[in-house]
Amino acid sequence: MFVVPASLSQHGVYSPSKFVVDVWLVIMRYLSVLDIMRLGSTCRTLHEFASLRHVWRDVLFQHRFLDQCYPHLRSCTAEDIRHQLKTAARLDHIWTQPNIAPKRLYSFPLDFPGVFQGLKFLPGGTWLVLLFHCRNLNPARHSNLCLIKPSTGAGFPAASTTFQSEICWLPFLDQDGPYKSARGDDLMLLRTKCSDGSNTFGIMHLNTKVPSVTIPLIFRTNVFVRNYAAAGDYVVYGWITSDRRHFLRIMQLNENYDSFRKDMTVEIDCPKGHDGKLRIRYDLRLSGRVPCILLVSTRLMAAYNIPSTVPNDFDANSPPLLTPFWQLRPAGVTFGCLIKMFHEGAIVSLYEGQIRFIRPDLDASEPNVCVIEKYNFEPPHPQSSQRPCLFAAQRIFWLSSLPNQKGTTCPWQMAIETTTGPENDHREGRTLMDLQETQTPAPSATTRILQDWDELSGRLCIRSVQSRFTQYPRCRRTIWRVTLVDFV
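## Some details on the overall build of the chain
Then step 1. For the chain, the helix and strand inventory stands at seven helices and 30 strands.
Then step 2. For the chain, with 488 residues in total, the buried portion stands at 50%.
Then step 3. Sequence-distant contacts, at least 24 apart, represent 49% of the contacts inside the chain between residues at least 6 apart.
Then step 4. Looking at the chain as shown, the accessible area adds up to about 24,100 Å², and 50% of this sits on carbon and sulfur atoms.

Rendered as structure tokens:
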């Protein structure tokens, strides 16, 4: 039975004859986020019921991806969980409308003396992390990592800090993060290749309270890394031996992120024909009861539970063998070209002209359950390699050249498409914003790139690259600008 909050009994608001607590809590399980908020605004009693933390935790667990993609939300306060679920509900509602218009746009210059290597949102969309290479600032420290908080209006001052690393880190990839640790800290995985052929990884801690950027842990490996993944407190990478055995190294960070609490090597039972030269990707699923590793190739998806302990006396050449508890094979020969892979086990593939979202249901009572959504797009479509698109949380953004009313082709426009809650498998692009007015005349050329999307805040990042005097390489100047687009 549910215990009545003390604030209700003290003020005499609760009346068993009028409000049966357990009944209201059961009713709230079947309500949407916005309905619960409306219910809580009717009276003080229901407001108290609708403010309970376990009510919003139940709603969080029922969400299609928030609990899986952002496990740190489970340890947040009721107000933070409610705010995040409200933002997600408003985004889903906006995406069902025939026309999508951004609420606000912020633009600011991105001035740095070096070569651009990556720009990413920290979860929440308030901060950005930038990587660029420059030897002029400090010849001994090549890579520059910047933590940036742009000013989005009056009362929101800008802030930034820079960390110079002696290691030349490679450009950011999707699996690098940033991501939240189990304690809610912002982490990011860095990687590079050394001259001796070894792979070097670094754990970057992005502290937005100070702010500061540190790399508390750097580790190396001499194996040929097929791929890697990082999420929460876990880092994993895999390799294939000469006798076609698939090994994984699983590491769990300690509280200070400067060493490993657990460091184990295991062998995974990969069916014949699904290893060797096939492209292998990994993902970490940390929202379930037991952390899982998801292996993805063009012919197989398989999930493995991470063991809690590994015997200390095992042979290095014969580590413990992990068998999959969930498997998925394509109906045809292959899943197609793997375009994108999300944290917590969801992939996007391109097969026979269709974009497919494949989401495994690892917590289902029946074995090998998954959800596959297929979508067809008419031109202009996001499948073209000449127009790269941004996939995030089953939303697709891409640049396209759309015809105007006279039938001629307009300058670049921003088209937006989403696959959230489709009515059928045929989707058309919807124009988000017209960039014709921002076109800069000659002698400069402007290129716009969809840089990143943050689902927690509903914010899109567009990077503009403007080159002047392109016909004279010695006089060429590059100007960078970042535009932040808010939808909620």
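## Some points on the layout of surface pockets
Then step 1. Of the voids in this model, the second largest pocket is the one considered here, and its volume is about 1,000 Å³.
Then step 2. Taken together, 38 residues form the lining of the second largest pocket, with Pro123, Gly124, Gly125, Thr126 and Lys180 sitting closest to its centre.
Then step 3. Among the elements that take part in the lining of the second largest pocket, helix H7 (residues 78-95) stands out by supplying seven residues, more than any other.

## What about the sheet that holds strand E17 (residues 321-322)?
Then step 1. If you walk across this open sheet you meet the five strands as E10-E11-E12-E13-E17, and the pairing is mixed. Where the open sheet ends on each side, the last strands, each with one partner, are strand E10 (227-231) and E17.
Then step 2. Relative to strand E11 (residues 234-240), E10 is paired through five bridges, and the arrangement is antiparallel. Bridge pairing in E11 links tyrosine 228 to tyrosine 237.

## Observations concerning the sheet that holds strand E9 (residues 212-221)
Then step 1. Pairing in this open sheet of four strands is antiparallel, and the strands run E6-E7-E8-E9 from one edge to the other. Of all the strands in the sheet, the pair left with one neighbour each is strand E6 (179-180) and E9.
Then step 2. Examined bridge by bridge, strand E7 (residues 186-193) and strand E8 (residues 199-207) share eight bridges and lie antiparallel to one another. In the sheet register, methionine 188 faces E8, and the bridge partner there is methionine 204.

## Remarks on the side chain of aspartate 176
Then step 1. With respect to the helices and strands, aspartate 176 occurs in the loop between strand E5 (159-165) and E6.
Then step 2. Overall, aspartate 176 belongs to the buried group, its relative accessible area being 1%.
Then step 3. A polar contact of 2.7 Å, which involves the side chain of aspartate 176, links it to the side chain of tyrosine 228.
Then step 4. The residues touching aspartate 176, leaving out its near neighbours within four places in the chain, are Pro171, Met188, Leu189, Arg191 and Tyr228.

## Describing helix H3 (residues 33-40)
Then step 1. Taken as a whole, H3 has its buried residues at Val33, Ile36, Leu39 and Gly40. Seen from one end, H3 has its buried residues packed into an arc of 125 degrees, which puts them on one side.
Then step 2. Here the buried face of H3 lies against helix H2 (21-29), helix H4 (44-50), helix H5 (53-62) and H7.

## Brief notes about empty space enclosed by the protein
Then step 1. Taken as a whole and judged by the stated rule, the model has two cavities of 30 Å³ or more.
Then step 2. Space inside the largest cavity adds up to approximately 70 Å³.
Then step 3. The set of elements that each furnish at least two residues to the lining of the largest cavity consists of H2 and H5.
Then step 4. It is H5 that contributes the most residues to the lining of the largest cavity, four residues altogether.
Then step 5. A breakdown of the residues in the lining of the largest cavity according to their chemical character gives four nonpolar, one polar and two charged.

## A word on the confidence of the model for the chain
Then step 1. On average, residues of the chain carry a pLDDT of 76, and 73% of them reach 70 or more.
Then step 2. For the chain, per-element mean pLDDT is lowest for helix H1 (residues 6-11), which scores 51, and highest for E8, which scores 93.
Then step 3. In the model, residues 419-425 has pLDDT below 50 throughout and makes 15 contacts with residues more than four positions away in sequence or in other chains.
Then step 4. In the predicted structure, residues 436-445 sits below a pLDDT of 50 and forms 18 contacts with residues beyond four places in sequence or in another chain.

Reading guide: rules and limits
- Here the residue numbers are simple positions, counted from 1 along each chain's written sequence.
- Local features in a predicted model are, by the rule used here, given only for residues with pLDDT of at least 70; side-chain atom pairs are given and counted only at 80 or more, and totals for whole chains, interfaces and linings are based on all residues.
- Note: side-chain values were computed over all heavy atoms of the structure, leaving out hydrogens and water.
- Where helices and strands are cited, they refer to DSSP runs of H or I of at least four residues and of E of at least two residues respectively, numbered from the N terminus.
- For every residue, the accessible area (1.4 Å probe, protein chains only) is compared with the maximum for its type, and the residue is labelled buried under 20%, exposed over 50%, or partly exposed between those bounds.
- A contact between two residues is defined here by any heavy atoms of the two lying within 4.5 Å.
- Residue burial considers only the protein chains on display, and all accessible areas are found by Shrake-Rupley using a 1.4 Å probe.
- Lining residues are defined by having an atom within 4 Å of a point belonging to a cavity or pocket. Those points lie on a 1 Å grid over the protein atoms alone, cavities being sets where a 1.4 Å probe fits but cannot get out and pockets being open sets with protein on both sides within 12 Å along at least five of seven lines.
- Grid points are joined across faces, edges and corners, and a volume is the space filled by probe spheres set on the points.
- One bridge is not enough; two strands pair if DSSP finds at least two bridges between them.
- Counting of polar contacts relies on pairs of N or O atoms within 3.5 Å, with two restrictions inside protein: one atom must be capable of donating a hydrogen and the other of accepting it, and residues adjacent in sequence are counted only when both atoms are side-chain atoms.
- The arc in question is the one traced by the directions running from the helix axis out to the C-beta atoms.
- Classification convention: Asp, Glu, Lys, Arg as charged; Ala, Val, Leu, Ile, Met, Phe, Trp, Tyr, Cys, Pro as nonpolar; all other residues, Gly among them, as polar.
- What pLDDT reports is the predictor's confidence in each residue, on a scale of 0 through 100.

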